[in-house]
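So the chains spell out like this:
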Amino acid sequence: MADLNCDMGESFSLYNMGNDAELMPYIDQANVACGFHASDPNHMRTTIEMAVAHSVRIGAHVSLPDLAGFGRREMKIEEEEMLNIVLYQIGALDAFCKQAGTVLSHIKPHGALYGMAARQEPIARAIASASRIYGLPVMGVAGTLHETVYEAEAAGFIAEFFADLDYRDEYGPVITREHEAVDPVLAAERVRRAVVDGVLLTVEGRSLPVRAETVCIHSDTPNSRDIAGAVSAVLARIRTA
């Protein structure tokens, strides 16, 4: 049955991003920024320690090297360099996990890298290579290169659905530079439909099949705590139905 994950740990230096402390009680997995699109060593350690205190599993939220653009701008990078970029980030987060007496549970690409890996096989292969090295499954969108490449070449694939993002006909979540507030009731109904019925509604108005083994919310969505509460509640009802 689907669980709830959250992209978080994205504060940097004195600048705060997201509602991490408020979201921890609701989630099962924390995708922690590794310093390339957001975060820094202090915030990485703090986020991991919060996750451990709430028994939340930890994943490496790896990104393109684009701190100024929050990792939401595409870049042209060759496969070997992309592998090195991903390995560097996983290694950094893994060190803080060891310090906290815990382990990583998964890998999740962030932002533009997530979208690139869905369409560009060399990028997906680079992420899969890092996955094999660390023995960690990768989150992605079913029906894209995430599924075909990660299942064939990675340590495992976890089909993900976004509660607080729209979808296009080509199965792609609509990734924007900034997340806007989302109606929690709408988000919860999206999740129920995806998990129970296996269907998503695109912005073009089509109903498409979807697989949702984990559901994502973003800590930087303005009303993320309300969304987390609504989505967590619907997932709990589905588990006990």
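In short, a report on the structure. Keep in mind that what you see is a predicted model, and the values were worked out from it rather than measured. (Residues numbered from 1 in each chain as written. Predicted model: local features only at pLDDT ≥ 70, side-chain atom pairs only at ≥ 80, totals over all residues. Heavy atoms only, no water.)

Notes on the pairing of strand E4 (residues 104–109)
So, point 1. Most of E4 is tucked away: five of the six residues are buried.
So, point 2. Both strand E3 (residues 57–62) and E4 contribute to a ladder of five bridges, which runs parallel. Bridge assignment links His 61 to a residue of E4, and that residue is Lys 108.
So, point 3. You can see the chain leave E3, run along helix H3 (residues 79–99) and come back into E4, and the turn it takes is right-handed. (Buried < 20%, exposed > 50% of the residue type's maximum accessible area, 1.4 Å probe, protein only. Helix = DSSP H or I, 4+ residues; strand = E, 2+ residues; numbered from the N terminus. Pairing = 2+ DSSP bridges. Right-handed = clockwise from strand over helix to strand, strands pointing away.)

Overview of helix H2 (residues 41–53)
So, point 1. With 13 residues, H2 extends 19 Å between its outermost C-alpha atoms, agreeing within 8% with the 18 Å of an ideal straight helix rising 1.5 Å per residue.
So, point 2. Within the sequence span of H2, burial applies to His 43, Met 44, Thr 47, Ile 48 and Ala 51. An end-on view of H2 places all buried positions within 135 degrees of arc, on one side of the element. In H2, those exposed residues whose orientation departs by more than 90 degrees from the buried face are Asn 42 and Ala 53.
So, point 3. Tucked inside the fold, the buried residues of H2 contact strand E1 (3–8), helix H1 (20–23), strand E2 (29–33), E3 and H3.
So, point 4. Two to three positions downstream of the cap, the backbone nitrogen of Asn 42 sits 3.1 Å from a side-chain oxygen, assigning the N-cap of H2 to Asp 40.
So, point 5. Phi turns positive one or two residues past the end of H2, at Ser 55, with a value near 55 degrees. (Expected span 1.5 Å × (residues − 1). Arc of directions from axis to C-beta. Contact = heavy atoms within 4.5 Å. Polar contact = N/O pair within 3.5 Å; in protein donor to acceptor, adjacent residues only side chain to side chain.)

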